[in-house]
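# A look at the structure
Here's the letter readout for the chains.
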Amino acid sequence: MTHAANPIADALSRHPLLIVDGALATELEARGCDLNDSLWSARVLAESPELIRQVHLDYFRAGADIAITSSYQATIEGYMARGMSESEALELITRSVRLAAQARDDFWHEADHEGRPKPLVAASVGPYGAWLADGSEYRGHYGIDEADLVDFHRARMAALVAAGADVLACETMPSLIEAKALVTVLAEFPEISAWITFTAHDGEHISEGTPIAECARWLDQQPQVAALGVNCTALEHISSLLEQMAAATDKPLIVYPNSGETYDAASKTWQGSCGASHGGGFGEQAGQWYARGARLIGGCCRTTPEDIRAVAAFRAGL
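Reference entry: report on the structure contained in this document. What you see is a predicted model, and the numbers here were worked out from it, not measured in a lab.

The next thing to look at is the side chain of His153. By secondary structure assignment, the location of His153 is in helix H8 (residues 146-162). Excluding anything up to four places from it in sequence, His153 contacts Val125, Gly126, Pro127, Tyr128, Glu178, Leu182 and Val185.

Right, dumping it as structure tokens:
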């Protein structure tokens, strides 16, 4: 029987904390990309892939140990809706892994890394709601069943595994049903492990209402799940969510929340302060999350290489 490789466990056996990168889309927009599109950053995979490689490289230089690929919203269905063939769509999904791996290899040959782990490439598997592009990854009520979700995720996950990803990042999941569908597909690729992270609307419940502790207890029993946690969630909920999960699982906990700003859907703009709200800057908050059990820490929407640099500074003091 094949046992899944678990590079996260291997790295954590030698290092107290692994640093996940920050927002890809925020950095692409800073480089002039227009992401007001149903494909979001997946559009850049087709149009300006070199920019994606540069963003990955910037995060590695800031201290990230793990790059999350640009495949979050890269789906066969989404690309085919733009007139591409299935093979063209799969090539772009595969490209997302190659770009992150190239950035990792370029970074690793740059300089002495003073005991840092060699970075990992985590292939992003976004939720069904990301392809719908209607915000339902923050609600989770899609109107389809678990079997439909298995069918939706299978081909993309197969492509990401075949492309050579070190681990799958099944992220921004709003429901336990979708997490169960992902674990079902994952079993078809016994050589690889994954993390599963949820979106949450408060300090105890994921977006569709299931207690995060219940999710953690179920995932704790899944051998291919290497870590679990939350992402794309407001800063003020992270500490409570970690406490709920830590009481329900012994698996490594991962958090990569949003910056502290709030998205205004009407104006399509972000409001509020970034990073400094809710208990200090990102580095200070990383210390609070670490104390509550987080062993993989990064950033999601509106975070930057500076936020990752702050987490790296915290780790340097461990």
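Having seen the structure, we can now continue with the description.
A full pass over the atoms with the stated rule returns seven aromatic pairs. Taking 4.9 Å as the distance between ring centres and 80° as the angle between the ring planes, the aromatic pair formed by Tyr128 and Phe152 counts as edge-to-face. In this pair, Tyr128 is assigned in helix H7 (residues 128-132) and Phe152 in helix H8, connecting sequence segments 24 residues apart. With relative accessibility at 9%, the residue Phe152 sits in the buried group. Residues Phe282 and Trp289 carry aromatic rings whose centres are separated by 5.6 Å and whose planes lie at 85° to one another, so their mutual orientation is edge-to-face.

Residues Leu28, Tyr79, Leu168, Ile196, Phe198, Trp289 and Ile297 are the most contacted members of the largest nonpolar core, which totals 88 residues. By size, the runner-up hydrophobic cluster in this structure holds 20 residues, among which are Ile8, Ala122, Val167 and Cys301.

Bringing H8 into the picture now. Since the α-helix packs 3.6 residues into each turn, any two residues three or four apart lie on the same face. For H8, spanning 17 residues, the distance from its first C-alpha to its last is 24 Å, which sits close to the expected 24 Å at 1.5 Å a residue. Most pronounced at Arg154, the bend in H8 amounts to some 35°. What H8 keeps buried is the set Leu149, Val150, Phe152, His153, Arg156, Met157, Ala159, Leu160 and Val161. Buried residues along H8 sit against helix H5 (76-80), helix H6 (86-108), strand E3 (120-125), H7, strand E4 (167-173) and helix H9 (176-186). Two to three positions downstream of the cap, the backbone nitrogen of Ala147 sits 3.2 Å from a side-chain oxygen, assigning the N-cap of H8 to Asp145. Positive backbone phi, approximately 100°, marks Gly164, located one or two places after H8.

Another point: H6. Taking 1.5 Å as the rise per residue, H6 with 23 residues should run 33 Å; its terminal C-alpha atoms sit 34 Å apart, in good agreement. Listing the buried residues of H6 in full gives Ala89, Leu92, Ile93, Thr94, Ser96, Val97, Leu99, Ala100, Ala101, Ala103, Arg104 and Phe107. Structurally, H6 contributes buried residues whose contacts are with helix H3 (42-47), helix H4 (49-62), strand E2 (66-68), H5, E3 and H8.

Let us now look at the sheet that holds strand E1 (residues 18-19). The parallel open sheet is built from eight strands, whose spatial order is E1-E10-E7-E6-E5-E4-E3-E2. At either end of the open sheet lies a strand with only one pairing partner, and these are E1 and E2. With respect to the sheet, H9 is in contact with E3, E4, strand E5 (194-198) and strand E6 (225-231), its orientation differing from that of E5 by roughly 170°.

On to the environment of Asp151, then. Mapped onto the secondary structure, Asp151 falls in helix H8. Relative accessible area serves as the criterion here: at 52%, Asp151 is assigned to the exposed category. Separated by 62 residues in sequence, Asp151 and Ala213 place their C-alpha atoms 27 Å apart.

Most of E3 is tucked away, with six of its six residues classed as buried. On E3, burial covers both faces: Leu120, Ala122 and Ser124 on one face and Val121, Ala123 and Val125 on the other are all buried. Sheet topology places E2 next to E3; three bridges connect them, and they run parallel. When the bridges of E3 are listed, Ala67 appears paired with Val121. Summarising the sheet, E3 and E4 pair through four bridges and their orientation is parallel. What sits directly across from Val125, in E4, is Cys170.

Rules used in this analysis
Residues numbered from 1 in each chain as written. Predicted model: local features only at pLDDT ≥ 70, side-chain atom pairs only at ≥ 80, totals over all residues. Heavy atoms only, no water. Helix = DSSP H or I, 4+ residues; strand = E, 2+ residues; numbered from the N terminus. Contact = heavy atoms within 4.5 Å. Phe/Tyr/Trp six-rings, centres within 6.5 Å; stacked < 30°, edge-to-face > 60°. Buried < 20%, exposed > 50% of the residue type's maximum accessible area, 1.4 Å probe, protein only. Core = buried A, V, L, I, M, F, W, Y, C linked by side-chain atoms within 4.5 Å. Expected span 1.5 Å × (residues − 1). Bend = angle between axes of the 7 residues up to and from the residue. Polar contact = N/O pair within 3.5 Å; in protein donor to acceptor, adjacent residues only side chain to side chain. Pairing = 2+ DSSP bridges. Axes fitted to C-alpha atoms, helices over the stretch in contact; angles between N-to-C directions.

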